[in-house]
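Chain and residue survey
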Amino acid sequence: MTEKPITVTAQQCERSAGGLHDFYSEGDYWWQNPNDPNGPYIQRDGQSNPNNFVAHRKAMIRFSQIIGTLASAYMLTKDEKYVKKAFEHLNAWFIDEKTYMNPSLLYAQAIKGKVTGRGTGLIDMIQMMEVAQGVLVMQNAKVVNKQDLGKVKDWFSKYLVWVNSHPYGIEERDAKNNHGTCWVMQVASFAKLTGNQEMLDYCKNRFKTVLMPNQIEKDGSFPLELKRTKPYGYSLFNLDAMTTVCHVLSDEKESLWDFALEDSRTLKKGVEFLYPFVENKATWKSSQDVMYWNEWPVAQPFLIFGYQKYKEKAWLDTWKKLEHFPKNDEVIRNLPIRNPLIWVF
């Protein structure tokens with residue numbers, strides 16, 4: 001309640017090709033070349049560069065944490081002071097001409113000497129999901145200014161147009177691993193807030209015809225994630241994203257949890273495959289992650305979403321005992337569902 005808004009205009013990076021209101025971040029696994037310090041960066045897959053510009057990403061994560069917390073407080077207490085405070089931050093990010101962020105990610109995950117932005121960078125936008133969900137659960141409070149609410153939704157509508165038309169958005173949509181999953185996840189979340197049924201239907205179809213057939217194996221594993229240098233963390237991340245997609249898009253007419261491919265592959269098998277390695281990481285059969293192996297798992301969203309559907313008490317019990325407020329920046333970045341209350345109401 002005492003925090004002041006901090007948006008993308010608070011800090012700038014001299015390496016950004018964008019302007020004051022543009023979100024900017026740098027590719028995590030790209031480093032200065034020791035043989036050519038002033039030349040293009042070189043890649044070290046799975047190894048995050050601590051010298052990258054991350055101020056905008058941290059500001060967006062902070063924004064997400066604040067809105068998610070205030071929305072949760074409002075749901076628990078019905079006290080509209082939390083809604084009023086939340087709209088101070090929403091106004092700063094989406095409405096105020098001095099501090100707003102442009103509804104696009106043209107300069108996300110840039111690489112010095114190579115590209116000013118990438119489709120890969122759109123994954124940074126998953127941090128806005130709890131902002132959208134927070135607005136969704138607070139929008140009917142009496143204190144909400146309907147004109148401001150409309151402007152917030154209009155911002156997300158503009159982003160949806162951009163992410164469905166710009167080459168970066170198309171590239172990320174067509175990614176075959178967790179990036180493709182996260183495209184669907186964020187688009188579904190924003191479409192739900194804005195009431196965009198066409199996009200919701202599109203995301204449902206993509207879940208059934210692209211994500212499930214191309215990413216999940218018969219045993220419930222994600223082969224594309226297991227090939228990475230951080231197979232454990234990426235498997236957790238992709239299952240969190242998959243179950244979030246399933247949760248957001250399921251409604252009274254259809255539950256995507258019940259969707260099965262012709263060979264009987266279901267998302268439930270994904271939870272059943274990964275759960276034993278969350279309950280006891282020592283049983284993990286693949287290689288250890290090159291970084292952050294000790295920081296995982298935490299209170300993974302797939303456990304609480306899976307429990308809500310299937311009532312497997314062991315999943316809930318494991319979720320309860322895991323870390324709910326991680327301190328590591330990389331873990332926080334890969335855990336965009338931080339306030340389950342606003343999702344499972």
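Details of the structure are given in the entry above.
Okay, so let's go over this structure. On a predicted model such as this, the values are computed, not experimentally measured, just so you know.

1. Remarks on the layout of surface pockets
Approximately 490 Å³ is the volume found for the largest pocket. Surrounding the largest pocket, 30 residues form its lining, Tyr-29, Thr-120, His-179, Arg-228 and Tyr-234 being those nearest its centre. Ranked by residues supplied to the lining of the largest pocket, first place goes to helix α9 (residues 231-249) with 3 residues. Of the residues contributing to the lining of the largest pocket, the split by class is 10 nonpolar, 9 polar and 11 charged. The space that makes up the second largest pocket amounts to roughly 420 Å³. In terms of lining residues, the second largest pocket is bounded by 17 residues, among which Val-54, Arg-57, Lys-58, Asp-329 and Glu-330 are the most central. Those elements giving two or more residues to the lining of the second largest pocket turn out to be α1 (55-77) and α13 (329-333). In terms of residue count, α1 provides more of the lining of the second largest pocket than any other element does, 5 residues in total.

2. Remarks on the side chain of Asn-339
By the element assignment, Asn-339 lies in the loop between α13 and α14 (341-344). Residue Asn-339 is classed as buried on the basis of its relative accessible area of 14%. Of the polar contacts made by the side chain of Asn-339, one reaches the side chain of Glu-130; its length is 2.8 Å. Residue contacts for Asn-339: discarding those within four places in its chain leaves Gln-65, Gly-68, Thr-69, Ser-72 and Glu-130.

3. Thoughts on the pattern of salt bridges
All chains considered together, the criterion is met by 20 salt bridges. The closest approach of N and O atoms between Asp-28 and Arg-57, which form a salt bridge, is 2.8 Å. Taken as a pair, Asp-28 in the loop between β1 (24-26) and β2 (30-31) and Arg-57 in helix α1 lie far apart in primary sequence, 29 residues in all. Counted as one network, the salt bridges with shared partners bring together Asp-28, Arg-57, Asp-124, Lys-230, Glu-330 and Arg-333.

4. Some remarks on empty space enclosed by the protein
Per the counting criterion, the structure on display carries 1 cavity of 30 Å³ or more. Approximately 80 Å³ is the volume attributed to the largest cavity. Forming the boundary of the largest cavity are Ala-299, Pro-301, Ile-304, Trp-319, His-324, Leu-335, Ile-337, Arg-338 and Pro-340. For the lining of the largest cavity, the per-class residue count stands at 7 nonpolar, 1 polar and 1 charged.

5. So, the nonpolar core
Counting residues in each nonpolar core, the largest one holds 103 residues, and the members touching the most others are Phe-94, Met-101, Met-128, Phe-156 and Phe-207. Of all hydrophobic cores here, the second largest spans 6 residues; its members include Cys-13, Tyr-24, Phe-53 and Tyr-107.

6. Examining unusual backbone geometry
The linkage connecting Trp-296 with the following residue, Pro-297, adopts the cis geometry, with an omega of 0°. Considering the arrangement of structural elements, one finds Pro-297 in the loop between α10 (267-279) and α11 (301-310). A positive phi angle is found at Tyr-292, which is not glycine, with a value near 65°. Look at Tyr-292 and you get buried, because its relative accessible area is 18%. The phi dihedral of Lys-311 is positive, around 60°, even though this residue is not glycine. Structurally, Lys-311 is set in the loop between α11 and α12 (313-321). Judged by its relative accessible area of 53%, Lys-311 falls in the exposed class.

7. Remarks on the packing of helix α3 (residues 129-138) against helix α6 (residues 178-194)
In contact at an axis separation of 9 Å, α3 and α6 are set at 20° when each is read in the N-to-C sense. Here α6 runs roughly parallel to α3, going by the angle between their axes. Considering how the two elements wind past one another, α3 and α6 form a crossing that is left-handed. Listed contacts from α6 to Met-129, Ala-132, Val-135 and Leu-136 of α3 are Met-185, Gln-186, Ser-189, Phe-190, Lys-192 and Leu-193. Split by residue class, the contact of α3 with α6 holds 7 nonpolar, 2 polar and 1 charged.

8. Digging into the side chain of Lys-281
With respect to the helices and strands, the residue Lys-281 is situated in the loop between α10 and α11. Of the side chains with opposite charge, Glu-295 comes closest to the buried, unpaired Lys-281, at an N-O distance of 7.1 Å. Within the structure, the side chain of Lys-281 is placed 2.6 Å from the backbone oxygen of Trp-296, a separation counted as a polar contact. Not counting residues within four places of it along the chain, the set of residues in contact with Lys-281 comprises Tyr-232, Trp-293, Asn-294, Trp-296 and Pro-297.

Scoring rules and cut-offs
- Residues numbered from 1 in each chain as written.
- Predicted model: local features only at pLDDT ≥ 70, side-chain atom pairs only at ≥ 80, totals over all residues.
- Heavy atoms only, no water.
- 1 Å grid on protein atoms, 1.4 Å probe; cavity = no way out; pocket = protein on both sides within 12 Å on 5 of 7 lines; lining within 4 Å.
- Points joined across faces, edges and corners; volume = space filled by probe spheres on them.
- Helix = DSSP H or I, 4+ residues; strand = E, 2+ residues; numbered from the N terminus.
- Nonpolar A, V, L, I, M, F, W, Y, C, P; charged D, E, K, R; others polar.
- Buried < 20%, exposed > 50% of the residue type's maximum accessible area, 1.4 Å probe, protein only.
- Polar contact = N/O pair within 3.5 Å; in protein donor to acceptor, adjacent residues only side chain to side chain.
- Contact = heavy atoms within 4.5 Å.
- Salt bridge = Lys/Arg side-chain N within 4 Å of Asp/Glu carboxyl O.
- Core = buried A, V, L, I, M, F, W, Y, C linked by side-chain atoms within 4.5 Å.
- Axes fitted to C-alpha atoms, helices over the stretch in contact; angles between N-to-C directions.
- Parallel < 35°, antiparallel > 145°, perpendicular 65-115°, else oblique.
- Left-handed = near helix turned anticlockwise from the far one by under 90°.
- Lys, Arg positive; Asp, Glu negative; His and termini not counted.

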